[in-house]
Each structure stands twice: as C-alpha cells, then as structure tokens.
Amino acid sequence: RCGWLAILQGDTEAARTILLEAIDTARAAQARMPEASAMLAMGFVELQRGDHGSAISWTTRSLEQFRSLVDVAYEAAPFTTLALDHLAQIHINVGDVHTAAPYIDQALEIQHELGFRWGLGDGLRLLGHVESRLGNYEQARQHYRESLKLGWSFRDLRMISEAMAG
C-alpha cells in the first residue's frame, strides 16, 4: 500500500522504487496477487511519468495475471476490471478512444456481474470520456451523470470531480 500512497501524494519516483521492490518481493514469495497489484500500480506510475508504452506494458501484465487468478482469488475479478479501465484511460490519454472502448465494455460487463458499483462509477466516467471525444455529447453527459451519482454514494471526491469536469 505504500506504493499507492506515494502515487496519491504525487511522488512517482518514490512510488516507482517501492513498487519495483514490492514486485521483486512478491515474486520471491510467489505471491501472485500482490505482484499483480503492484504491477497495476506501476502502470499508474508510468502513466503519470508520461511513458504510455511502459504504462500499457505494466498494466497488460497485471491484467493477464489477475485473469489467471480469478478462479482462485476472489479479489482478482474486481482488480481485473481496474486493469481494464486503466488500459482504457491510457488509450484515452493518447487519443485512441476506439481502442479504449472495448476495454471499458469488458470492465463494465464484469462490474455489473459482480455488483462492483465503485468500479461501475469509474467505468462510466471513462465511457463518458470516450463518447465526448467521439462527439456524442448527450451520451457522454448521461454516463457522467451516472458516474457522478455513484461517486456521491461513495463520497469519492476524485470520481465526483472527474465526472463533473468531463
């Protein structure tokens, strides 16, 4: 969790150092869930550093590992959707909304199945971004409103502010 805290505080270099050590330690312990979680966090770090290729690489590896753990670790399914959403976010950031959309669709389907409402809020926000960039403003507003409603239900200020900003 130290790596995520460093990310939230904006200290990407500290986060990177912590997360690389966490990945090495998890591999040595054969702890695949913590390893996948740290790899996902590395995807966030690399996105913040502006290295989209590395962000995609780390996030894709985490997604593959989460998917391989779905049958043995309950928490792997929600984390799978977070990795899918993060891949979508990376592609949105580089202007490739057509690649982003299928990741969001996959995530939303799993989130609906699981009843993972927080994940739904984030996925709907991302879908709003895609629709907005495609010029489908009414659909974008609808997705942002749904995301906003879920954000308020969780009191998630990040989700609320991002849904409001569009």
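The structure reproduced in this document is the subject of the present report. Remember, it's a predicted structure, so these values are computed and weren't measured experimentally. (Residues numbered from 1 in each chain as written. Predicted model: local features only at pLDDT ≥ 70, side-chain atom pairs only at ≥ 80, totals over all residues. Heavy atoms only, no water.)

### Considerations on unusual backbone geometry
Right, on to step 1. Although it is not a glycine, Q30 adopts a positive phi angle of roughly 55°.
Right, on to step 2. With respect to the helices and strands, the residue Q30 is situated in the loop between α2 (12–29) and α3 (32–48).
Right, on to step 3. Take Q30: its relative accessible area is 68%, and that puts it in the exposed class. (Helix = DSSP H or I, 4+ residues; strand = E, 2+ residues; numbered from the N terminus. Buried < 20%, exposed > 50% of the residue type's maximum accessible area, 1.4 Å probe, protein only.)

### What to know about the pattern of salt bridges
Any two side chains of opposite charge can pair, so long as their charged atoms come close to each other.
Right, on to step 1. Scanning the model with the defined rule gives seven salt bridges in all.
Right, on to step 2. E35 is the salt-bridge partner of R27, the closest N and O atoms lying 2.6 Å from each other.
Right, on to step 3. On the accessibility criterion, R27 (38% relative accessible area) is partly exposed.
Right, on to step 4. The partner of R145 in a salt bridge is E138, with the nearest N and O atoms 3.8 Å apart.
Right, on to step 5. One network of salt bridges, in which partners are shared, links E13, R16, E46 and R49. (Salt bridge = Lys/Arg side-chain N within 4 Å of Asp/Glu carboxyl O.)

### A short note on the packing of aromatic side chains
Centre-to-centre distance and the angle between the planes together describe a pair of aromatic rings.
Right, on to step 1. In the structure shown here, the tally under the stated rule is two aromatic pairs.
Right, on to step 2. Seen in terms of ring centroids, F116 and W118 are 6.3 Å apart; in terms of plane orientation they differ by 40°. Their pairing is tilted.
Right, on to step 3. The aromatic ring of W58 is capped on one face by R61, whose charged end is 4.2 Å from the ring centroid. (Phe/Tyr/Trp six-rings, centres within 6.5 Å; stacked < 30°, edge-to-face > 60°. Lys NZ or Arg CZ within 6 Å of the ring centre and 35° of its normal.)

### A look at the packing of α3 against helix α4 (residues 52–69)
Right, on to step 1. Interaxial distance between α3 and α4 falls to 8 Å at its minimum, and their mutual angle equals 160°. When the axis of α3 is compared with that of α4, the two are roughly antiparallel. Regarding α3 and α4, the two cross each other, and that crossing is left-handed. Across the interface between the two elements, R32, M33, E35, A36, S37, M39, L40, M42, G43, E46 and L47 from α3 touch H52, S54, A55, W58, T59, R61, S62, Q65, F66, S68 and L69 from α4.
Right, on to step 2. The class makeup of the residues in the contact of α3 with α4 is ten nonpolar, eight polar and four charged. (Axes fitted to C-alpha atoms, helices over the stretch in contact; angles between N-to-C directions. Parallel < 35°, antiparallel > 145°, perpendicular 65-115°, else oblique. Left-handed = near helix turned anticlockwise from the far one by under 90°. Contact = heavy atoms within 4.5 Å. Nonpolar A, V, L, I, M, F, W, Y, C, P; charged D, E, K, R; others polar.)

### Here we look at the packing of α2 against α3
Right, on to step 1. Closest axis-to-axis distance for the α2/α3 pair is 9 Å, and the angle between their directions is 155°. Between α2 and α3, the angle falls in the class roughly antiparallel. Here α2 runs over α3; the crossing is left-handed. From α2, T12, A15, R16, L19, L20, A22, I23, A26 and R27 reach across to α3, where they touch P34, E35, A38, M39, A41, M42, V45, E46 and Q48.
Right, on to step 2. When its residues are assigned to classes, the contact of α2 with α3 shows twelve nonpolar, two polar and four charged.

### Quick notes on helix α6 (residues 97–114)
Right, on to step 1. Here α6 contains 18 residues, and its C-alpha end-to-end distance of 25 Å stays within 8% of the 26 Å for a straight helix at 1.5 Å per residue.
Right, on to step 2. Considering only its buried residues, α6 is in contact with α5 (76–93) and α7 (117–133). (Expected span 1.5 Å × (residues − 1).)

### Topic: the nonpolar core
Side chains that are nonpolar tend, in soluble globular proteins, to be buried together.
Right, on to step 1. Ranked by internal contacts, the top residues of the largest apolar core, which has 23 residues, are I7, A15, L19, I23, M33 and F66.
Right, on to step 2. When residues in this core are grouped by element, the largest group, eight residues, is from α3.
Right, on to step 3. Beyond its immediate stretch of four places on either side in the chain, I23 contacts E35, A38, M39, M42 and W58.
Right, on to step 4. Counting residues in each nonpolar core, the second largest holds twelve residues, with A100, L108, L120 and L126 among its members. (Core = buried A, V, L, I, M, F, W, Y, C linked by side-chain atoms within 4.5 Å.)

### Section: α7
Right, on to step 1. Here α7 spans 24 Å end to end across 17 residues, near enough to the 24 Å set by a 1.5 Å rise per residue.
Right, on to step 2. Buried residues dominate α7, accounting for 13 of its 17 residues.
Right, on to step 3. Just beyond α7, the residue with positive phi is G135, at close to 85°.

### Digging into the environment of A55
Right, on to step 1. In this fold, A55 is placed in helix α4.
Right, on to step 2. Assessed through its relative accessible area of 0%, A55 is described here as buried.
Right, on to step 3. Distance from A55 to V45, taken between C-alpha atoms, is 7.4 Å for residues ten residues apart in sequence.
Right, on to step 4. Each residue touching A55, except ones within four places of it in the same chain, is listed here: G43, E46, L47 and I90.

Read these as spatial facts, not as claims about activity.
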